[in-house]
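# What the coordinates show
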Amino acid sequence: MDKDKIDKKDHILDVAERVFADYGFDGASTRTISGEAGVNMAMLNYYFGSKEGLFLAVFERKISSFRTLLQNIGNDDTMTTWGKLEKCIDNYVERIIVNNCFQKLINREVSMNKRWTLTDKITEILMVNVHEIKKIIEEGLNNGSFYSDIDIPLVIATIFGTKNYIINMPQLSSLILGHDIRDEKFMEENLKPRVKTYMKRLLKAYLVNENDNSK
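This one's a predicted model, so the numbers in the text were calculated from it and none came from an experiment. (Residues numbered from 1 in each chain as written. Predicted model: local features only at pLDDT ≥ 70, side-chain atom pairs only at ≥ 80, totals over all residues. Heavy atoms only, no water.)

## Thoughts on the nonpolar core
The nonpolar side chains of a soluble globular protein tend to be buried with one another. L85, I97, I137, F146, I159 and L207 are the most contacted members of the largest nonpolar core, which has 33 residues in total. Breaking this core down by element, the ones donating at least two residues are helix 4 (51-74), helix 5 (81-96), helix 7 (116-143), helix 8 (152-168) and helix 10 (184-207). Formed by 23 residues, the second largest nonpolar core is a distinct cluster that contains I12, A16, V19 and F55. (Core = buried A, V, L, I, M, F, W, Y, C linked by side-chain atoms within 4.5 Å. Buried < 20%, exposed > 50% of the residue type's maximum accessible area, 1.4 Å probe, protein only. Helix = DSSP H or I, 4+ residues; strand = E, 2+ residues; numbered from the N terminus.)

## Focus on a nonpolar patch on the surface
There is a patch of nonpolar side chains on the surface, built from Y165, M169, L172, L175 and I176 and spanning about 500 Å² of accessible area. With respect to the secondary-structure elements, M169 resides in the loop between helix 8 and helix 9 (170-177). (Patch = residues over 30% accessible without salt bridge, like charges linked within 9 Å, V, L, I, M, F, W, Y side chains within 5 Å. Areas by Shrake-Rupley, 256 points an atom, 1.4 Å probe, with all protein chains shown as cover. Salt bridge = Lys/Arg side-chain N within 4 Å of Asp/Glu carboxyl O.)

## Description of the environment of F48
Checked against the element boundaries, F48 lands in helix 3 (residues 41-48). Among the residues examined, F48 registers a relative accessible area of 10% and is labelled buried. Taking the C-alpha atoms as reference points, F48 and L13, separated by 35 residues in sequence, lie 9.9 Å from one another. Those residues within four positions of F48 in sequence are excluded, and the remaining contacts are K9, I12, L13, G53, L54 and A57. (Contact = heavy atoms within 4.5 Å.)

Functional significance is not addressed by these values, which are geometric in nature.
The structure is reproduced here in structure tokens:
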């Protein structure tokens, strides 16, 4: 695909991400998206096939870029296993604790569970990144740098669940944290550093085998 076609496809996805986030899958129409993107319906159907295909393409584009980053971290033999997980946490927090269209889109569609087939496909896409983090944790288990009795599913739930609670319940989270978490300045300067420090200290204490002689 040449550069002009890639640019046009990315532009359509940018518009679709915003429209889906604002109106949800049911409320958004491909006609609205094509109009705001400045393309005709034939082009939209050529690239994505259907409204569902367009919706899933928005997810896949976002998730695949983070998947590549996680894979590169996991394959970096110059880093310790804990160093890899630290870097994953830093990048994860940077990407997901934001007031952007994509996070709004995930929260809206996954939480509603109105379209089971579509929700299953979204979950399948999201689980790819979960598996990449799981592989890093398993590496630490296998090489002895992590304790042998760690509960990997609960570690994963801690990483992703912390974010879900904070972002998906902004009113309650704001009361607990003492500040509106939707405030961009607070989010960048206060919340992100706090979440990174919290998760890394918590997980290091639980995971890292301080008696491992291979370090």
